[in-house]
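Examining the three-dimensional arrangement
So you can see what is in the structure, the chains are spelled out below.
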Amino acid sequence: MQETKIPRHIAFIMDGNGRWAKKRLLPRKAGHREGVAALRRMTDECEKAGVGMVSFYAFSTENWTRPQEEIDALFKMVKEFADKYLDEYVKRGLRIMFMGDLTKLPPETVESLKKIMISAKDNKGMIVNLALNYGGRDEIVRAVNKIISAGVREVDRQVLSDCMYTAGLPDPDVIVRSSGEKRLSNFMLWQAAYSELIFLDEYWPDFDAAVFKKILEEYSKRDRRYGNVRRTD
Ligand code: FPP
């Protein structure tokens, strides 16, 4: 029997909320609402399994081209999520972090996120990382600009890593994307160098304990070699 390997860091590209809703003749907003429920389920599953860090791609730098009504609804949901559940996560000892340019988000959403960041700062549990107005290329450009501003004249991988949102944290061992699309869509480009990629057909709102089990099984089968030869060769 295959031994179950638990990733230190698992990252989710949450896709298919719109299609999930369309299939049920519901508005896209209903899909996102179920998407939030799936995010909570996956957070619980990760914590139970002993994962150290979980990242969710909630809003990309490209998502601003969506209808304004959908954008407004999404940020309202993020605020509600922060007010209602993140607080509970903080009490459970989870660490909460955000990556992306939060300055473009509605001020009331940022206010709620900031409160959470402050109250979770001394926690020691699993890290929940939400990518909001995040783009992998923007993150790299931001890192380079930070380096230039600091007057550094020569860089190496470590210097760049230290300027990413995830400085000091593990790269994702596995990135999971829902709903059948097979691409990274500008997610964690720097950190994904050696991540296992798992693409599942299920729409994001359908992610539950059974899907999570399937992810761990698939991940456990992968032979991670980091450019090395197979360990048994
Ligand atoms: C992709 O589905 C999903 C998104 C762009 C948004 C994901 C957001 C959430 C799950 C909720 C908000 C997040 C938090 C942190 C509370 P899609 O709309 O592109 O689906 P489609 O490709 O089927 O249209």
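Every residue gets a number counted from 1 within its own chain, in the order that chain's sequence is written. For this predicted model, a pLDDT threshold of at least 70 governs which residues receive local features, and a threshold of 80 or more governs which side-chain atom pairs are given and counted, while totals over whole chains, interfaces and linings are taken from all residues. Excluded from the side-chain calculation are hydrogens and water; included are all heavy atoms of the structure.

1. As for the overall build of the chain
For clarity, the cut-off: In this text, helices come from DSSP runs of H or I with a minimum length of four residues, and strands from runs of E with a minimum of two, each type numbered from the N-terminal end. Only C-alpha atoms enter the radius of gyration; for comparison, a globular chain is expected to reach 2.2 Å times N to the power 0.38, where N is the number of residues. Exposure categories follow from relative accessible area, calculated using a 1.4 Å probe and restricted to protein chains: below 20% of the type maximum is buried, above 50% is exposed, and the middle band is partly exposed. Contacts between residues were defined by any pair of non-hydrogen atoms, one from each residue, lying within 4.5 Å. Only the protein chains shown count as cover for residues, with accessible areas throughout obtained via the Shrake-Rupley method and a probe of 1.4 Å. The sign given to each residue is positive for Lys and Arg and negative for Asp and Glu; His and the chain ends receive no count. Here the site of a charge means NZ on Lys, CZ on Arg, CG on Asp, or CD on Glu.
Helix and strand content of the chain: seven helices and six strands. Each helix and strand of the chain, placed in order from N terminus to C terminus, yields the pattern β-α-α-β-α-β-α-β-α-α-β-β-α. The C-alpha radius of gyration computed for the chain amounts to 18 Å, which stays within 12% of the reference 17 Å derived for 233 residues, consistent with globular compactness. In terms of its C-alpha atoms, the chain occupies a principal-axis envelope of roughly 55 × 55 × 35 Å. Going through the 233 residues of the chain one by one, you find that 45% of them count as buried. Sequence-distant contacts in the chain: of pairs separated by 6 or more residues, those separated by 24 or more amount to 77%. Surface accessibility of the chain: about 12,700 Å² in total, with carbon and sulfur atoms responsible for 52%. A gap of 1 Å separates the mean positions of the 40 positive and 35 negative side-chain charges of the chain.

2. Here's the deal with the layout of surface pockets
Under the convention used in this document: The pocket and cavity definitions rest on a 1 Å grid over protein atoms only: a 1.4 Å probe that fits but cannot leave marks a cavity, an open set with protein on both sides within 12 Å along at least five of seven lines marks a pocket, and residues lining either have an atom within 4 Å of a point. Grid points are joined across faces, edges and corners, and a volume is the space filled by probe spheres set on the points. Each residue gets one label: Ala, Val, Leu, Ile, Met, Phe, Trp, Tyr, Cys and Pro are nonpolar, Asp, Glu, Lys and Arg are charged, and the others, such as Gly, are polar.
By volume, the largest pocket is sized at about 680 Å³. In terms of lining, the largest pocket is formed by 29 residues, of which the most central are M14, N17, Y57, A58 and N63. Residue assignment for the lining of the largest pocket shows that the elements contributing at least two residues are α1 (17-23), α2 (28-49), β2 (53-60), α3 (68-91) and β4 (127-134). The greatest single-element share of the lining of the largest pocket, amounting to five residues, is contributed by α2. Among the residues making up the lining of the largest pocket, the classes are represented as 13 nonpolar, eight polar and eight charged. A volume near 240 Å³ is recorded for the second largest pocket. Forming the walls of the second largest pocket are R157, S161, D171, P172, D173, W190, Q191, A193, Y194, S195, R224 and Y226. Here the lining of the second largest pocket is composed, by residue class, of five nonpolar, three polar and four charged.

3. Topic: helix α4 (residues 107-119)
In an α-helix, one turn spans 3.6 residues; hence positions three or four apart end up facing the same way. Worth spelling out the cut-off: One less than the residue count of a helix, multiplied by 1.5 Å, gives the span that helix is expected to have.
Taking 1.5 Å per residue as the helical rise, α4 with its 13 residues ought to reach 18 Å, and the 19 Å between its terminal C-alpha atoms agrees with that figure. Buried-residue contacts for α4 involve α3, β3 (95-99) and β4.

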